[in-house]
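Structural features, examined
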Amino acid sequence: MRVNFVDLKAQYNNIKDDILEGITKVIDNTNFILGPQVKEFEEKFAAFSQAKYALGVASGTDAILLSLKSLGIGPGDEVITAANTFIASVLGISYAGAVPVLVDNDPVTYNIDPTKIEAAITSKTKAIMPVHLYGQMADMDAIMEIAKKHNLKVIEDACQAHGSEYKGCRAGSIGDISCFSFYPGKNLGAYGDGGMVVTNDEDLYQKVKVLRDYGQSKKYHHEIKGYNSRLDSIQAAVLLAKLPHLDKWNDDRRVLARLYNELLSDTDIVVPVESEECRHIYHLYVIRTKRRDEMLEFLKSKEIFCGIHYPIPIHLQNAYKEHKKGDLPITEKYAKEILSLPMFPELTEEQVIYIVGNIKEFLSNYDDVGV
Ligand SMILES: *Cc1c(COP(=O)(O)O)cnc(C)c1O
């Protein structure tokens, strides 16, 4: 049996007719840029995220850039974010001209550790950007309280968290402004690049609307030097066909995660912990083991394909070498231990049993896999 890390083809096969009908409609009407599909998807995605406004943009990275721009954050400003994240979170901050300040992660949830945020605040800090990593929301009550106390804005990087919840509130509904990605492998993925800015603030909504469309409030009236960053109509049509299934797909991921947890419970492998306040949507199912590299290779030899999210922390990348080793100890330690097992809604119970069976075969050769 071969098990891919994700299987976008399986999903496509289940909803093929709806996808093709949606794409065909766009082509028939040749409304490729900001067509009616974009507006319809924005309204539906805002409702899905329990927020008032949503604006389709070119990518999750651009959603971060435009969110920061709408808040007036730029050169000379600092934005606090999670050290343990995908590089795009931090690139968005750099594109805006601001300085990303990285804070280590909570050892249990892997999200930004709120107890370490205040020490990172300086007179230049303008915002905190928690990342809802792997599909579980960060500790938003603690973060919002710190932001309020220090008069900072909160930007949610919800690029891995479509439909995730914290105390019943969905990702995108709590911060001042929030960012989503529709990169194909995300829980809600387009057939190309795409992203979304979500907010309850009408003023920020109006600003992003102008920013994403060459800075024009009206055709050929350019108030500011804006960007060309829009979700295109074909991608919106694909996303419209997928959105009605997303809650079910997220539930399916949760069932698979519970099965993994149960089957791995008699091993020394560390499984993901779902916080009591959260509805984790398992964009990634990440375990930890001291024998990570050997396990990855072993599973690969059995045609079970895993991933590492992420193998090299941002502050140890050449692109961000102003930081040094040892600065963010938990992120550094975990980067050597984390392994993402196959996780997608169409994964079967039989496949999970097969994967764990192979993990157990691997474990029988070692007595020091714990961390
Ligand atoms: C995917 C992702 C992004 C960037 O999204 P793109 O659409 O690829 O630009 C940003 N932050 C996180 C946490 C992500 O996982």
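Our subject is the structure that appears above.
Residues numbered from 1 in each chain as written. Predicted model: local features only at pLDDT ≥ 70, side-chain atom pairs only at ≥ 80, totals over all residues. Heavy atoms only, no water.

1. Some details on the site of the ligand
Put simply, the test is: When we say a residue is near a molecule or strand, we mean one of its heavy atoms is within 4 Å of it. With residues, only the protein chains shown are counted as cover, and all accessible areas are computed by Shrake-Rupley using a 1.4 Å probe. Under the scheme used here, helices are H or I runs from DSSP no shorter than 4 residues and strands are E runs no shorter than 2 residues, and both carry numbers assigned from the N terminus. Charged residues are taken to be Asp, Glu, Lys and Arg, nonpolar residues to be Ala, Val, Leu, Ile, Met, Phe, Trp, Tyr, Cys and Pro, and polar residues to be all remaining types, Gly included.
Around the ligand lies a shell of 14 residues, among which Gly60, Thr61, Gln160, Ser181 and Lys186 are the nearest. Here the ligand has 380 Å² of accessible area as a free molecule, and 93% of this is covered by the chains. At the level of secondary structure, the elements contributing two or more residues to the shell around the ligand comprise helix H3 (60–70) and helix H4 (87–95). A class-by-class count of the residues in the shell around the ligand yields four nonpolar, eight polar and two charged.

2. Quick notes on the sheet that holds strand S4 (residues 125–129)
Selection rule: Any two strands with at least two DSSP-identified bridges between them are counted as paired. An axis is simply a line fitted to the C-alpha atoms; with a helix, the fit covers only the stretch in contact. Between two such axes, the angle follows the N-to-C directions and lies from 0 to 180 degrees. Should any heavy atoms of two residues lie within 4.5 Å, those residues are counted as being in contact.
With mixed pairing, seven strands are arranged side by side in an open sheet as S1-S9-S8-S5-S4-S2-S3. With partners counted over all chains shown, the strands left at the sheet margins are strand S1 (53–57) and strand S3 (99–103), one partner each. Between one strand and the next, the sheet's axes are offset by a mean angle of 25°, whatever the strand orientation. Of the pairings in the sheet, the one linking S4 to strand S5 (residues 153–157) comprises two bridges and is parallel in character. Bridging from a neighbouring strand, Ile128 pairs with Val154 of S5. Strand contacts of H4: strand S2 (78–82), S3, S4 and S5, with the helix running at about 150° to S3, the strand carrying the most contacts. Running at roughly 20° to S1, helix H6 (residues 202–211) makes contact with S1, strand S8 (177–181) and strand S9 (195–199) of the sheet.

3. As for the pairing of S3
Counted only if it meets this: Working definition: with a 1.4 Å probe on protein chains only, accessible area under 20% of the residue-type maximum means buried, over 50% means exposed, and in between means partly exposed. Here a crossover is taken to be right-handed if, once the strands point away from the viewer, the path from the first strand over the helix to the second is traced clockwise.
Burial analysis of S3 places four of its five residues in the buried class, which makes it a mostly covered element. Note that S2 and S3 share five bridges and pair parallel. Within the sheet, the bridge partner assigned to Thr81 lies in S3 and is Leu102. Taking the sense of rotation as the criterion, the β-α-β connection linking S2, H4 and S3 turns out right-handed.

4. Here we look at the side chain of Glu156
Definition in use: Neither His nor the chain ends is counted toward charge; the positive residues are Lys and Arg and the negative residues Asp and Glu. What makes a salt bridge here is a side-chain nitrogen of Lys or Arg within 4 Å of a carboxyl oxygen of Asp or Glu, nothing more. Pairs of N or O atoms are called polar contacts if they sit within 3.5 Å, as long as, within protein, a hydrogen donor faces a hydrogen acceptor (for residues adjacent in sequence, only side-chain-to-side-chain pairs).
Its place among the elements puts Glu156 in strand S5. Comment: no salt bridge for buried Glu156; closest opposite-charge side chain is Arg170, at 11 Å. Separated by 3.0 Å, the side chain of Glu156 and the backbone nitrogen of Ile174 make a polar contact. Ignoring any residue separated from it by four or fewer positions in sequence, one finds Glu156 in contact with Pro130, His132, Met137, Met140, Ala171, Gly172, Ser173, Ile174, Gly175, Ile177, Ser178 and Cys179.

5. Concerning the packing of helix H8 (residues 246–264) against helix H11 (residues 349–363)
Our working definition: An angle below 35 degrees is treated as roughly parallel, one above 145 as roughly antiparallel, one from 65 to 115 as roughly perpendicular, and anything else as oblique. Two helices that cross are described as forming a left-handed crossing if the nearer one is turned anticlockwise from the farther one by less than a right angle, and a right-handed crossing if clockwise.
In contact at an axis separation of 10 Å, H8 and H11 are set at 30° when each is read in the N-to-C sense. What the angle tells us is that H8 and H11 run roughly parallel. Crossing hand, H8 versus H11: right-handed. Along the contact surface, H8 presents Leu256, Leu259, Tyr260, Leu263 and Leu264, while H11 presents Glu349, Val352, Ile353, Ile355, Val356, Ile359 and Lys360.

6. Topic: the sheet that holds strand S12 (residues 278–279)
Taking strand neighbours across the sheet as the criterion, the three strands line up as S7-S6-S12 in an open arrangement whose pairing is antiparallel. A strand with exactly one partner marks an edge of an open sheet, and here the two such strands are strand S7 (169–170) and S12. One ladder, built from two bridges, connects strand S6 (residues 165–166) with S12; its direction is antiparallel. The residue of S12 that forms the bridge with Tyr166 is Cys278.

7. Some details on the environment of Ser89
Mapping Ser89 onto the fold places it in helix H4. By relative accessible area, Ser89 is classed as buried at 2%. Through-space distance from the C-alpha of Ser89 to that of Val131 is 7.8 Å; in sequence the pair is 42 residues apart. Ignoring sequence-local partners within four residues, the contact set of Ser89 consists of Ile64, Met129, Val131 and Asp157. At a separation of 2.7 Å, a polar atom in the side chain of Ser89 contacts the side chain of Thr85.

8. Some remarks on the packing of H3 against H6
Contact geometry of H3 with H6 gives a least axis separation of 9 Å together with a crossing angle of 125°. Classed by the angle they form, the pair H3 and H6 counts as oblique. Helix-helix and strand crossings are classified by hand; for H3 and H6 the assignment is right-handed. Where H3 approaches H6, its residues Leu66, Lys69 and Ser70 are matched on the opposing element by Leu204, Lys207, Val208 and Leu211. Class assignment for the residues of the contact of H3 with H6 results in four nonpolar, one polar and two charged.

9. A word on the packing of aromatic side chains
Test applied: Stacked, tilted and edge-to-face pairs are distinguished by plane angle, under 30 degrees for stacked and over 60 for edge-to-face with tilted covering the rest, among Phe, Tyr and Trp rings (Trp via its six-membered ring) whose centres lie within 6.5 Å.
Taken as a whole and assessed by the stated rule, the structure comprises 14 aromatic pairs. A centroid spacing of 5.4 Å and a plane angle of 35° characterise the contact between Phe86 and Tyr310, whose relative ring orientation is tilted. Pair noted here: Phe86 is in the loop between S2 and H4 and Tyr310 is in the loop between helix H9 (292–301) and helix H10 (329–335), with a separation of 224 residues, a long-range link. Under the relative-accessibility criterion, Phe86 is labelled partly exposed at 40%. Its relative accessible area of 16% is what places Tyr310 among the buried residues.

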